[in-house]
Amino acid sequence: MTNPLSELSGQGVAVWLDDISRDRLRTGNLQDLIETRSVVGVTSNPTIFEKALGEGDAYDAQLHDLAARGVSVDEAVRALTGYDIRWAADVLRPVHERTEGTDGRVSLEVDPRLARDTERTVAEARALWWLVDRPNLMIKIPATQEGLPAITRAVAEGISVNVTLIFSLERYRAVMQAYQDGLARARENGLDLTKIHSVASFFVSRVDAEVDKRLDAIGTPEAKDLLGRAAIANARLAYQAYEEFFANGAWKELEAAGARRQRPLWASTGVKDPAYTDTRYVDDLVAPDTVNTMPEATLEAVADHGRITGDTVRGGYDAARADMDAIEAAGVDFADVLRLLEDEGVAKFEKSWEQLLDRVRSALGGSA
């Protein structure tokens, strides 16, 4: 019997879970979601880990040992998160093998405090890649200006990368170029391009949240009529950019040598405005060769009442461009929106990371 999530998979959308915790792993919940909810990947971020460590006793034994060894807080965080990511990667390994490396992926983020430091981001990516030591790992690197060369250098060394915090089409094109440049260097280094994978995480709901706030402030009927249109239009135009980029001659040459396309990943798909249907950032962003990473509440909502009606992206490019033009004409400075969202995104993850460090610091003191 089909359900909306399996229908989504049938349309070429990989369903990834935007959550991880040791309880989810030790209870078999992740395996259950693979079997019953079409989940073929997992993403994580500092906020997710901070929440996981605050619930239950799943980390107590490891925290006790880390305290006894007198490790630093930073190293304790790497040990705790690396353990979960490695475990999840092992659970997803059959999916990874079945899909020849495309899915079965688990993502681990570099320390977000390094988002504006290329050298330290590369060093952290190498360290995490070595620490987890699983072929189905992806290292999350933010798409800041400083992150772009880090993406290229990591990919050139054979590290699979999940590029996060992408909001603008301009930055998205730069991300795809950084990936292509990295693969070209990897080829020069004699690496097997078929083993290197990447996704580009294009954020969705946060765009509507900020644009809608500005449209409400403008308050005209024309502005009110544009509420809820920005995020989906922006994402659809990103998919158009994806189609255009991976049709270029330089890419075709790499593809012939075994390179894999960097799939668009729809991130931040939990709906923030209760006025909108809770599955809109899934139902309205169906296109082949994409990933949709969902928090569990969104995953269950789609399973219950998602409306998967086929491709809802291609063929909508003209309408998406018209929506974006209308939003600008109404008085919203969209370039300013995108700058703000990137800065806020980095700041939010930095804050979550500090909270994670504080939680681990407290736990180490309590376990010593």
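Scroll up to find the structure this text is about.
Computed from a predicted model, the values in this text were never measured in an experiment.

Rules used in this analysis
Residue numbers run consecutively from 1 along every chain, following the written order of its sequence. Owing to the predicted nature of the model, reporting of local features is limited to residues with pLDDT of at least 70; listing and counting of side-chain atom pairs is limited to 80 or more, with chain, interface and lining totals taken over all residues. The basis for the side-chain values is all heavy atoms of the structure; hydrogens and waters are excluded. Helix numbers and strand numbers start at the N terminus; a helix is a DSSP run of H or I with at least 4 residues, a strand a run of E with at least 2. Every radius of gyration here is taken over C-alpha atoms, with the globule rule written as 2.2 Å times N^0.38, N being the number of residues. Residues count as neighbours in contact if any of their non-hydrogen atoms are within 4.5 Å of one another. The Shrake-Rupley method, run with a 1.4 Å probe, gives the accessible areas here. Residue values count only the displayed protein chains as cover. Ring geometry is summarised as follows: Phe, Tyr and Trp rings, the Trp one being its six-membered ring, pair when their centres sit within 6.5 Å, and such pairs are stacked at plane angles under 30 degrees, edge-to-face over 60 and tilted between the two. When a residue's accessible area, from a 1.4 Å probe over protein chains only, is under 20% of the maximum for its type it is buried; when over 50% it is exposed; and in between it is partly exposed. Our definition puts a charge over a ring when NZ of Lys or CZ of Arg is within 6 Å of the ring centre and also within 35 degrees of the ring normal. With a 1 Å grid laid over protein atoms only, a set of points is called a cavity when a 1.4 Å probe fits there but cannot get out and a pocket when it is open yet has protein on both sides within 12 Å along at least five of seven lines; lining residues have an atom within 4 Å of a point. Grid points are joined across faces, edges and corners, and a volume is the space filled by probe spheres set on the points. Only Asp, Glu, Lys and Arg are considered charged, only Ala, Val, Leu, Ile, Met, Phe, Trp, Tyr, Cys and Pro nonpolar, and every remaining residue, Gly among them, polar. Counted as a polar contact is a pair of N or O atoms within 3.5 Å, where, for protein atoms, one must be capable of donating a hydrogen and the other of accepting one, and residues adjacent in sequence contribute only when both atoms are in side chains. Think of a nonpolar core as a cluster: buried Ala, Val, Leu, Ile, Met, Phe, Trp, Tyr and Cys residues, connected wherever their side-chain atoms sit within 4.5 Å. Whether two strands pair depends on DSSP finding at least two bridges between them. The crossover handedness rule: strands pointing away from the viewer, path from first strand over the helix to second strand clockwise, crossover right-handed. In this description, a line fitted to the C-alpha atoms serves as the axis of each element, helices being fitted only across the stretch in contact, and the angle between N-to-C directions of two axes falls anywhere from 0 to 180 degrees.

**Here we look at the overall build of the chain**
Scanning the chain for helices and strands turns up 17 helices and 8 strands. Scaling as 2.2 N^0.38, a compact globule of 368 residues should have a C-alpha radius of gyration of about 21 Å, and the chain matches this with 20 Å. Its C-alpha atoms give the chain principal-axis dimensions of about 65 × 50 × 45 Å. At a minimum sequence separation of 6, the contacts of the chain that also span at least 24 residues come to 79%. Here the chain has roughly 14900 Å² of accessible surface; of this, 48% comes from carbon and sulfur atoms.

**Brief notes about the packing of aromatic side chains**
This model, assessed by the stated rule, comprises 9 aromatic pairs. Between the aromatic rings of Phe 167 and Phe 203, the centroid separation amounts to 5.4 Å while the plane-to-plane angle is 50 degrees, which identifies the pairing as tilted. Taken together, the residues Phe 167 in the loop between strand S5 (161-166) and helix H9 (169-188) and Phe 203 in strand S6 (residues 198-203) connect sequence positions 36 residues apart. Here the two residues Phe 167 and Phe 203 agree in accessibility, since each one is buried. With a centroid separation of 6.4 Å and 85 degrees between ring planes, the pair formed by Phe 202 and Trp 266 is classed as edge-to-face. Here the residue Phe 202 occupies a position in strand S6, and Trp 266 occupies one in strand S7 (residues 263-267), the gap between them amounting to 64 residues. Members of the aromatic cluster, connected to one another through ring pairs, are Tyr 179, Tyr 239, Tyr 242, Phe 245, Phe 246 and Trp 251. The lysine or arginine in question, Arg 206, covers the ring of Phe 349, its NZ or CZ lying 5.8 Å from the ring centre. The aromatic ring of Tyr 276 is capped on one face by Arg 280, whose charged end is 4.3 Å from the ring centroid.

**Considerations on empty space enclosed by the protein**
Taking a probe equal in size to a water molecule and rolling it over the atoms shows the remaining empty space. Counted according to the given criterion, the structure contains 3 cavities of 30 Å³ or more. Lining the largest cavity, in full, are Val 77, Arg 78, Thr 81, Leu 108, Glu 109, Val 110, Asp 111, Glu 124, Leu 128 and Trp 353. Those elements that provide at least two residues to the lining of the largest cavity are helix H6 (73-98), strand S3 (105-109) and helix H7 (118-132). Here the element with the most residues in the lining of the largest cavity is H6; it accounts for 3 residues. Its residues assigned to classes, the lining of the largest cavity shows 5 nonpolar, 1 polar and 4 charged.

**Remarks on the side chain of Thr 43**
Checked against the element boundaries, Thr 43 lands in the loop between strand S2 (39-42) and helix H4 (46-53). Taking the relative accessible area as the measure of exposure, Thr 43 reaches 2% and is therefore buried. Within the structure, the side chain of Thr 43 is placed 2.8 Å from the side chain of Asp 18, a separation counted as a polar contact. For Thr 43, the residues in contact, after removing those within four places along its chain, are Trp 16, Leu 17, Asp 18, Asp 19, Ile 48, Ser 107, Asn 162 and Thr 293.

**So, helix H15 (residues 296-305)**
Each α-helix winds once per 3.6 residues, and so residues spaced three or four apart point in a common direction. Of all the residues in H15, the buried ones are Thr 298, Leu 299, Ala 301, Val 302 and Ala 303. Against the buried residues of H15 lie helix H1 (4-10), strand S1 (13-17), helix H3 (29-36), S2, helix H14 (280-283) and strand S8 (290-294).

**Describing the layout of surface pockets**
When its volume is computed, the largest pocket comes out at roughly 630 Å³. The wall of the largest pocket is formed by 33 residues, among which Asp 18, Asp 19, Asn 45, Thr 47 and Ile 48 lie closest to the centre. For the lining of the largest pocket, the elements supplying multiple residues, two or more each, are helix H2 (22-26), H4, S5, S6, S7 and helix H17 (334-367). Here the element with the most residues in the lining of the largest pocket is H4; it accounts for 4 residues. Looking at the second largest pocket, the residues that line it are Gln 145, Leu 148, Phe 167, Ser 168, Glu 170, Arg 171, Ala 174, Ala 335, Leu 338, Arg 339, Glu 342 and Asp 343. Counting only elements with at least two residues in the lining of the second largest pocket, the list comes to H9 and H17. At 5 residues, the largest contribution of residues to the lining of the second largest pocket is made by H17.

**Description of the nonpolar core**
Ile 141, Tyr 172, Leu 183, Val 211 and Val 360 are the most contacted members of the largest nonpolar core, which has 125 residues in total. Among residues more than four places away in sequence, those in contact with Val 211 are Ala 230, Ile 327, Val 332, Phe 334 and Val 337.

**Structural notes on unusual backbone geometry**
Non-glycine residue Asp 133 carries a positive phi angle of around 55 degrees. With respect to the helices and strands, the residue Asp 133 is situated in the loop between H7 and strand S4 (137-142). Under the relative-accessibility criterion, Asp 133 is labelled exposed at 55%. The phi dihedral of Leu 165 is positive, around 60 degrees, even though this residue is not glycine.

**Points about the pairing of S5**
Within S5, 6 of the 6 residues are buried, which leaves it mostly tucked inside the rest of the structure. By the bridge criterion, 4 bridges tie S4 to S5 in an arrangement that is parallel. When the bridges of S5 are listed, Ile 139 appears paired with Val 161. In this region the chain leaves S4, passes through helix H8 (residues 147-156) and returns to the parallel neighbour S5; the handedness of that crossover is right-handed. Judged from the 4 bridges that link them, S5 and S6 form a sheet pairing that is parallel. Bridge assignment links Val 161 to a residue of S6, and that residue is Ser 198. Once you follow S5 into H9 and on to S6, the crossover reads as right-handed.

**Section: the sheet that holds S1**
Ordered by their spatial adjacency, 8 strands build a closed barrel running S1-S2-S3-S4-S5-S6-S7-S8, and the pairing between neighbours is parallel. If you compare each strand with its neighbour and ignore which way they point, the axes differ by 30 degrees on average. Strands in contact with H15 are S1, S2 and S8; relative to S8, the strand with the most contacts, it is inclined by about 110 degrees.

What is shown is where atoms sit, not what they do.
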